[in-house]
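These are the residues of each chain, in order.
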Amino acid sequence: RGQQNLVLANGNRIRQSTIRAPRGAIYDRNKQILARNLASFDLVVNPSQMPRGKAERAAIYATIAGLIGQQPAEVQNKAEVKGKVFTQNVLIASNLDRETALNVEEKTRQITGFSIDINPSREYLDDGPFAHFLGYTGRISAEEWRANPGYQPTDYIGKSGLEQSYEDELKGKDGKKQVEVDAQGRQIRELAAVPAEAGNSLVLAVDSGLEKKLAQELKASVERAGAKRAAAVAMDPRNGQILAAVNWPGYDNNLFAKGISSADYQKLLADPGNPLFNKVAGGRYPVASTIKPFISIAALEEQIITAST
């Protein structure tokens, strides 16, 4: 069975890993950046590459737990949630600070199966006014992963707003790297690599300076009126481009991008101003006196009235 054993041996000797594609940035009409990438340091494990022995695995889980401040049982449950022969990376800990990530990476070079995965996560620089329209990215769910075969189980994906609508454009194309490893899983040399292709950037019609000014004026108006919620839009009547669109109150989409806590999420849900609701796009409001000129124009066109009537 030489040929069969050769295939098995190569499977143990050669490892393939993903080179993450940088996600496209999002800019306003003046090329002011609204959304950019940050490096998220994640600890992941490939269960199929770990030792088969129960005692060996237990020792590894204990070592990893000590490095990241978790209990060994917690690490084991995460590592084996999809089975001991699962061939994709499984997330153990996310958003590690750089110092912790470097320390863990140094230690995991001697631990088969575990590694630090550098994943591009989002940072939003608009201070909140664009949150409803930019949306946010988040860790891909099990359902989303099954529906998107080109993704890794630890990837980020657009969850709402433009991040979701333009996911295919912004995502880019991941590269691949093939390396040779020794019996302990340590890299010996790189055999081949296909570079990643960065995603396309997105330039919006909005003006971030006007957006912030509109948000300030809307907030002042709301406070004067004693109201709890409001919406405002500035549109170019020549072409329909939205120059600014503000929901009040808003929210910080960085909370969702980094993994919102249950306490912060409940706080948003309990807010009487309903900050998560996109009032500009989804609200319904009485037309008030703005409808009168249109009725007048219609009456003039139908010759029901005249300019002097």
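Everything here concerns the structure above.
Described below are features of the structure shown in this document. (Residues numbered from 1 in each chain as written. Predicted model: local features only at pLDDT ≥ 70, side-chain atom pairs only at ≥ 80, totals over all residues. Heavy atoms only, no water.)

**Considerations on a nonpolar patch on the surface**
Keep this limit in mind: A patch is a set of surface residues, each over 30% in relative accessible area and not in a salt bridge, joined within 9 Å for like charges and within 5 Å for the nonpolar side chains Val, Leu, Ile, Met, Phe, Trp and Tyr. Accessible surface area values rest on a Shrake-Rupley calculation with a 1.4 Å probe, where residue burial reflects the displayed protein chains alone. What makes a salt bridge here is a side-chain nitrogen of Lys or Arg within 4 Å of a carboxyl oxygen of Asp or Glu, nothing more. The secondary structure listing takes helices from DSSP runs of H or I that are at least 4 residues long and strands from runs of E that are at least 2 residues long, numbered from the N terminus.
Together, V287, I291, F294 and I295 make up an exposed nonpolar region whose accessible area comes to about 400 Å². Relative to the helices and strands, V287 resides in the loop between α12 (279-282) and α13 (292-301).

**Quick notes on the packing of aromatic side chains**
Aromatic rings in a pair are described by how distant their centres are and how their planes are angled relative to each other. As a reminder, the rule being used: When two rings of Phe, Tyr or Trp (its six-membered ring) have centres within 6.5 Å they constitute a pair, described as stacked for plane angles under 30 degrees, edge-to-face for angles over 60, and tilted for the intermediate range. Each residue gets one of three labels from its accessible area relative to the maximum for its type: buried under 20%, exposed over 50%, partly exposed in between, using a 1.4 Å probe on protein chains only. Only when the NZ atom of a Lys or the CZ atom of an Arg is both within 6 Å of the ring centre and within 35 degrees of the ring normal do we say a charge sits over the ring.
For the structure on display, the rule yields four aromatic pairs. Measuring from ring centre to ring centre gives 6.2 Å for F86 and W145, while their planes differ by 70°; the resulting arrangement is edge-to-face. In this pair, F86 sits in the loop between α3 (72-79) and β4 (90-96) while W145 sits in helix α6 (residues 142-147), placing the two residues 59 residues apart along the sequence. Note on W145: relative accessible area 22%, which makes it partly exposed. Between the NZ or CZ atom of K82 and the centre of the ring of F86, over which it lies, the distance is 5.7 Å. Cation over ring: K171 sits above Y151, and NZ or CZ is 4.7 Å from the ring centre.

**What about unusual backbone geometry?**
Excluding glycine, most residues fall at negative phi; most peptide bonds, likewise, are trans. Omega for the bond connecting W248 with P249 falls within 30 degrees of zero, at -5°, which places this linkage in the cis form. Of note, P249 is situated in the loop between β12 (242-248) and α10 (254-257). Not every positive phi belongs to a glycine, and N95 is a case in point at roughly 55°. The phi dihedral of Q303 falls on the positive side, at around 60°, and the residue is not glycine. Structurally, Q303 is set in the segment after α13. The exposed category is assigned to Q303, whose relative accessible area is 69%.

**Quick look at the environment of A147**
The topology assignment puts A147 in helix α6. Residue classification places A147 among the exposed positions, given a relative accessible area of 59%. The spatial distance from the C-alpha of A147 to the C-alpha of L134 is 23 Å, given a sequence separation of 13 residues.

**Things to note about the nonpolar core**
How we decide: The criterion is simple. A nonpolar core is a set of buried Ala, Val, Leu, Ile, Met, Phe, Trp, Tyr and Cys residues joined through side-chain atoms within 4.5 Å. The contact criterion used is simple: two residues touch if any of their non-hydrogen atoms lie within 4.5 Å.
If you look at the biggest cluster of nonpolar residues, it comprises 22 residues, and the most contacted ones within it are L43, I64, I68, V75, I92 and F114. Contributing elements (two or more residues each) for this core: β3 (33-45), α2 (54-68), α3, β4, α4 (98-108) and β5 (114-124). If near-sequence neighbours (up to four positions away) are discounted, I68 is found in contact with L43, V75, I92, A93 and V104. Formed by 16 residues, the second largest nonpolar core is a distinct cluster that contains Y124, F130, L134 and Y136.

**A short note on the side chain of N46**
Threshold: Two N or O atoms count as a polar contact when they lie within 3.5 Å, although within protein this holds only if one can serve as hydrogen donor and the other as acceptor, and sequence-adjacent residues are included solely when both atoms are side-chain atoms.
As for its position among the elements, N46 is in the loop between β3 and α2. Within the structure, N46 has its side chain in polar contact with the backbone oxygen of T87 (distance 2.9 Å). For N46, the residues in contact, after removing those within four places along its chain, are F86, T87, Q88, N89 and G113.

**As for the environment of P249**
A relative accessible area of 13% places P249 in the buried class. P249 sits 99 residues away from G150 along the chain, and the two C-alpha atoms are 37 Å apart. Residues in contact with P249, not counting those within four places in the same chain, are H132, K228, R229, D271, G273, P275 and K279.

**A closer look at the pattern of salt bridges**
Scanning the model with the defined rule gives 15 salt bridges in all. Here E123 and R36 are joined by a salt bridge, their closest N and O atoms 2.8 Å apart. A residue pair is termed long-range when its members are at least 10 positions apart, and E123 in strand β5 and R36 in strand β3 qualify at 87 residues. Take R36: its relative accessible area is 37%, and that puts it in the partly exposed class.

**What about the packing of α2 against α4?**
Filter applied, for reference: Only the contacting stretch of a helix is used when fitting its axis, a line to C-alpha atoms as for every element, and angles between N-to-C directions run 0 to 180 degrees. With respect to orientation, any angle under 35 degrees is reported as roughly parallel, any angle over 145 as roughly antiparallel, any angle of 65 to 115 as roughly perpendicular, and every other angle as oblique. In this scheme, a crossing is called left-handed if the near helix is turned counterclockwise away from the far one by less than a right angle; it is called right-handed if the turn is clockwise. For this classification, the nonpolar set comprises Ala, Val, Leu, Ile, Met, Phe, Trp, Tyr, Cys and Pro, the charged set comprises Asp, Glu, Lys and Arg, and every other residue, Gly included, is treated as polar.
In the contact formed by α2 and α4, the axes pass within 10 Å of each other and the chain directions differ by 160°. Between α2 and α4, the interaxial angle falls into the category roughly antiparallel. Crossing handedness for the pair α2 and α4: right-handed. Packed against α2, whose contacting residues are I64, L67 and I68, the element α4 presents T100, N103, V104, K107 and T108 at the interface. Within the contact of α2 with α4, the residues separate by chemical class into four nonpolar, three polar and one charged.

**Section: the packing of α2 against α3**
Following both chains from N to C, one finds α2 and α3 inclined at 110°, their axes separated by 8 Å at the closest point. Judged by the inter-axis angle, α2 sits roughly perpendicular to α3. Between α2 and α3, the contacting residues are Y61, A62, I64, A65 and I68 on the first element and P72, V75, Q76 and A79 on the second. Split into classes, the residues belonging to the contact of α2 with α3 amount to eight nonpolar, one polar and no charged.

**Some words on α2**
Put simply, the test is: Expected helix span is given by 1.5 Å per residue-to-residue step, counting one fewer step than there are residues. The reported arc concerns the directions from the helix axis to the C-beta atoms and nothing else.
Its 15 residues place the ends of α2 21 Å apart at the C-alpha level, agreeing with the 21 Å of an ideal helix rising 1.5 Å per residue. Turning to α2, its buried residues number three or more, namely R57, I60, Y61, I64, A65, L67 and I68. Seen from one end, α2 has its buried residues packed into an arc of 155°, which puts them on one side. Exposed side chains of α2 directed beyond 90 degrees from the buried face belong to A55 and G66. Where the residues of α2 are buried, they touch β3, α3, β4, α4 and β5. Just downstream of α2 lies G69, where phi reads positive at about 75°.

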